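Here is what each chain is made of, one letter per residue.
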Amino acid sequence: MTRTVLIIEDEKLIVVSTQMVLEAAGFRVESANNGEDGLAKARAATPDLILLDIMMPGIDGWETLTRLKRDPATSRIPVIVFTAREHARGHQRSADLGAVDYFRKPFEPDELVELVGKYAGDSAS
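None of these values were measured; they are calculated from a predicted model.

**Q** Explain the side chain of Thr18 residue by residue, including any values.
**A** Counting through the fold element by element, Thr18 comes out in helix 1 (residues 12-24). Within the structure, Thr18 has its side chain in polar contact with the backbone oxygen of Ile14 (distance 2.7 Å). When neighbours within four sequence positions are excluded, Thr18 is seen to be in contact with Ile7, Leu51, Phe82, Phe107 and Leu112.

**Q** Break down the packing of aromatic side chains for me, citing the residues and quoting the values.
**A** One pass over the structure, following the stated rule, counts 2 aromatic pairs. On the basis of an interplanar angle of 5 degrees and a centroid distance of 6.1 Å, the ring pair of Phe82 and Phe103 is categorised as stacked. Linking Phe82 in strand 4 (residues 79-83) with Phe103 in strand 5 (residues 101-104), this pair joins segments that are 21 residues apart in sequence. With relative accessibility at 0%, the residue Phe82 sits in the buried group. With a relative accessible area of 10%, Phe103 lands in the buried category. Between Phe82 and Phe107 the ring centres are 5.8 Å apart and the planes differ by 45 degrees, which places this aromatic pair in the tilted class. Of the two residues, Phe82 is situated in strand 4 and Phe107 in the loop between strand 5 and helix 5 (109-120); the sequence distance between them amounts to 25 residues. Within the aromatic cluster, the residues linked to one another by ring pairs are Phe82, Phe103 and Phe107.

**Q** Describe the pattern of salt bridges, with residues and values.
**A** Throughout the structure, instances matching the rule amount to 7 salt bridges. Asp53 is the salt-bridge partner of Lys105, the closest N and O atoms lying 3.0 Å from each other. Here the residue Lys105 occupies a position in the loop between strand 5 and helix 5, and Asp53 occupies one in the loop between strand 3 (49-52) and helix 3 (61-70), the gap between them amounting to 52 residues. Neither Lys105 nor Asp53 differs from the other in exposure class; each is buried. Through salt bridges with shared partners, a single network forms among Glu9, Asp53 and Lys105.

**Q** Report on the sheet that holds strand 4, specifying residues and quantitative values.
**A** In sheet architecture, strand pairing relies on hydrogen bonds along the backbone and comes in two forms, parallel and antiparallel. Read from one edge of the open sheet, 5 strands run 2-1-3-4-5, paired in parallel fashion. Each edge of the open sheet is held by one strand with a lone partner, namely strand 2 (28-32) and strand 5. Each neighbouring strand pair of the sheet contributes to a mean axis angle of 25 degrees, computed without reference to strand direction. Note: strand 1 (residues 4-8) against strand 2, 5 bridges, orientation parallel. By the bridge assignment, Thr4 is partnered in strand 2 with Arg28.

Procedures and definitions
Residues numbered from 1 in each chain as written. Predicted model: local features only at pLDDT ≥ 70, side-chain atom pairs only at ≥ 80, totals over all residues. Heavy atoms only, no water. Helix = DSSP H or I, 4+ residues; strand = E, 2+ residues; numbered from the N terminus. Polar contact = N/O pair within 3.5 Å; in protein donor to acceptor, adjacent residues only side chain to side chain. Contact = heavy atoms within 4.5 Å. Phe/Tyr/Trp six-rings, centres within 6.5 Å; stacked < 30°, edge-to-face > 60°. Buried < 20%, exposed > 50% of the residue type's maximum accessible area, 1.4 Å probe, protein only. Salt bridge = Lys/Arg side-chain N within 4 Å of Asp/Glu carboxyl O. Pairing = 2+ DSSP bridges. Axes fitted to C-alpha atoms, helices over the stretch in contact; angles between N-to-C directions.

Structural measurements only, silent on function.
This is how it looks when you write it as structure tokens:
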């Protein structure tokens with residue numbers, strides 16, 4: 001069974017590059033360019049994993065993460081905070097809000113595939 005990853009990210013170039021890497025590794029990829037659309041897609045598609053940007057227009061990633069974890073339909077989906085910001089408080093806040101990990105962009109493709117596989121399962125499982 002192919003595993004699905006939902007990318008909630010407002011920068012198109014990052015979405016495209018992330019999608020290319022993950023699809024080449026055998027994952028199915030959905031995307032949303034803001035938190036509200038991401039919440040709707042997470043409810044509708046029930047992905048195996050969500051990669052969530054923090055700095056987005058509208059509701060930010062922190063609020064999106066809070067809502068994902070509060071909603072019984074999405075609360076069990078693992079979320080990796082996917083951000084360009086490196087900050088110790090960001091790591092802690094991610095964990096406190098229920099994210100399974102914190103990953104920096106720009107990223108190394110192999111590291112991204114390994115991390116996604118760790119939480120979403122192998123694409124071919």
